[in-house]
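These are the residues of each chain, in order.
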Amino acid sequence: MELLEWAGGDLADGAVASGLRFASGRLTIYNAMDENGIEEGGPCLRYRRHRLG
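A quick note: this is a predicted structure, and the numbers were derived from the prediction, not measured. (Residues numbered from 1 in each chain as written. Predicted model: local features only at pLDDT ≥ 70, side-chain atom pairs only at ≥ 80, totals over all residues. Heavy atoms only, no water.)

(A) Quick look at the overall build of the protein chain. Check the secondary structure of the protein chain and you find 0 helices and 5 strands. Going from the N terminus to the C terminus, the protein chain shows its helices and strands as β-β-β-β-β. For 53 residues, the compact-globule formula gives about 10 Å, and the C-alpha radius of gyration of the protein chain, at 11 Å, lands near that figure. Each of the three principal axes of the protein chain carries a C-alpha extent, and together these read 35 × 20 × 15 Å. Out of the 53 residues belonging to the protein chain, those deemed buried represent 19%. Restricting the contact set of the protein chain to residue pairs at least 6 apart, pairs at least 24 apart contribute 33%. Charged side chains of the protein chain number 6 positive and 8 negative; the gap between the two group centres comes to 11 Å. (Helix = DSSP H or I, 4+ residues; strand = E, 2+ residues; numbered from the N terminus. Rg over C-alpha atoms; globule rule 2.2 N^0.38 Å. Buried < 20%, exposed > 50% of the residue type's maximum accessible area, 1.4 Å probe, protein only. Contact = heavy atoms within 4.5 Å. Lys, Arg positive; Asp, Glu negative; His and termini not counted. Charge placed at Lys NZ, Arg CZ, Asp CG, Glu CD.)

What follows is the structure, given as structure tokens:
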């Protein structure tokens, strides 16, 4: 698991997402402003990664 911090230069700067890695791939769960978002595959390059453990 890793914490992801959005650094896209927009209103969402500083928003935090959760990155999960599985044997079959990756999943990112993020705040999509008025709803939650789920993205398959590696996180967008605009995220800063903060690895846990």
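(B) Examining the sheet that holds strand 1 (residues 2–6) more closely. The strand order 4-3-2-1-5 describes an open sheet built from 5 strands, whose pairing is antiparallel. Among the strands making up the open sheet, the edge pair consists of strand 4 (36–40) and strand 5 (47–51). Going from strand to strand, the sheet's axes swing by 25° on average, the running direction of each strand aside. Where strand 2 (residues 16–22) meets strand 3 (residues 25–31), 5 bridges bridge the pair, whose relative direction is antiparallel. Paired with Gly19 across the bridge in strand 3 is Thr28. (Pairing = 2+ DSSP bridges. Axes fitted to C-alpha atoms, helices over the stretch in contact; angles between N-to-C directions.)

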